[in-house]
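# Topology and contacts: notes
As a plain string of letters, each chain reads:
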Amino acid sequence: MKKFLIVGLGNIGEKYTNTRHNIGFKILDALAQKEELTFETQKLGDLTTYKLKGRTFILLKPSTYMNLSGKAVQYWLTKEKIPLENLLVITDDLNLPFGNIRVKTKGSDGGHNGLKDIQNTLQSTKYNRFRFGISDEFSKGRQVDYVLGEWTDEENKKLTERLEKSVALIKSFGLAGINNTMNTFNGK
């Protein structure tokens, strides 16, 4: 049975729940809700397992805070004996318009501290990442407030459809592979 580690990046705690920076958690929560899965607190994060057509998806929401995500990712990759090519990290991206999706097999951290820590911990930039656009509509010097701010009413209206597409992307990653997933979802 093929195993995949799907990591949604975010920060723990009630005050971060509906922030743009927590889109990774929100996407995994959407998949869990759709498939009636329950997360359980385990070492370095909240986990649940989803089985689909002979594949096992281990969904992880690290409890290490965003900037220390690498420790949780490495621990669960090692514990579950999951190869690096079966890792998908979900993160917010200021450089993409709201709701736009970009899947890549490698790349820089793009200034994202969660990705920076994962790369430093894994000693590799060659892992799959799913970037969810949150746009960059903030005033100069207000980036932190924007990223840690809550979704606007307008964004919340569009988020339902975007979350459904994100859930479909995760399933595609496990069933159709990274290249087909990039062709199907990038820019959509």
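Residues numbered from 1 in each chain as written. Predicted model: local features only at pLDDT ≥ 70, side-chain atom pairs only at ≥ 80, totals over all residues. Heavy atoms only, no water.

Our next topic: the packing of helix 1 (residues 23-34) against helix 5 (residues 153-176). Each pair of packed helices gets described by two things: the angle between the helix axes and the distance between those axes. Running from N to C, helix 1 and helix 5 point in directions that differ by 80°, and their axes come no closer than 9 Å. Our classification of the angle between helix 1 and helix 5 gives roughly perpendicular. Residue-level contacts link Ile23, Lys26, Ile27, Leu28, Ala30, Leu31 and Lys34 of helix 1 to Leu159, Leu163, Ser166, Val167, Ile170 and Lys171 of helix 5. (Axes fitted to C-alpha atoms, helices over the stretch in contact; angles between N-to-C directions. Helix = DSSP H or I, 4+ residues; strand = E, 2+ residues; numbered from the N terminus. Parallel < 35°, antiparallel > 145°, perpendicular 65-115°, else oblique. Contact = heavy atoms within 4.5 Å.)

Turning our attention to the sheet that holds strand 5 (residues 87-93). Here seven strands make up an open sheet; going across it, the order is 2-3-4-1-5-7-6 and the pairing mixed. Because the sheet does not close on itself, it has two edges, and the strands there are strand 2 (40-42) and strand 6 (101-104). Adjacent strand axes in the sheet meet at a mean angle of 25° when their direction is disregarded. Note that strand 3 (residues 45-52) and strand 4 (residues 55-62) share eight bridges and pair antiparallel. (Pairing = 2+ DSSP bridges.)

Right, let's get into the side chain of Ser172. Turning to its location among the elements, Ser172 is positioned in helix 5. In this view, Ser172 contacts Gly177, Thr181 and Phe185; residues no more than four positions away in its chain are not counted.

Running from amino to carboxyl end, helix 2 (residues 69-79) crosses helix 3 (residues 113-122) at an angle of 50°, the nearest separation of the two axes being 7 Å. Between helix 2 and helix 3, the angle is such that the two are oblique. Considering only the axes of helix 2 and helix 3, their crossing is right-handed. Between helix 2, through Ser69, Gly70, Lys71, Val73, Gln74 and Leu77, and helix 3, the contact on the second element is made entirely by Gly114, Asp117, Ile118, Thr121 and Leu122. Considered class by class, the residues forming the contact of helix 2 with helix 3 number four nonpolar, five polar and two charged. (Left-handed = near helix turned anticlockwise from the far one by under 90°. Nonpolar A, V, L, I, M, F, W, Y, C, P; charged D, E, K, R; others polar.)

All right, on to the pairing of strand 7 (residues 128-133) then. Taken across its six residues, strand 7 has six buried, putting it largely inside the fold. What you see with strand 7 is no split at all: Asn128, Phe130 and Phe132 on one side and Arg129, Arg131 and Gly133 on the other are buried throughout. Where strand 6 lies against strand 7, four bridges are found, and the strand directions are antiparallel. Looking at strand 7, one finds that Arg102 is bridged to Arg131. (Buried < 20%, exposed > 50% of the residue type's maximum accessible area, 1.4 Å probe, protein only.)

Attention now goes to the environment of Pro97. Its location among the elements puts Pro97 in the loop between strand 5 and strand 6. Residue Pro97 is classed as partly exposed on the basis of its relative accessible area, which comes to 47%. Counting along the chain gives 36 residues from Pro97 to Gly133, while the straight-line C-alpha distance between them is 5.1 Å. Sequence-distant contacts of Pro97, defined by excluding residues within four places in its chain, comprise Gly133, Ile134 and Ser135.

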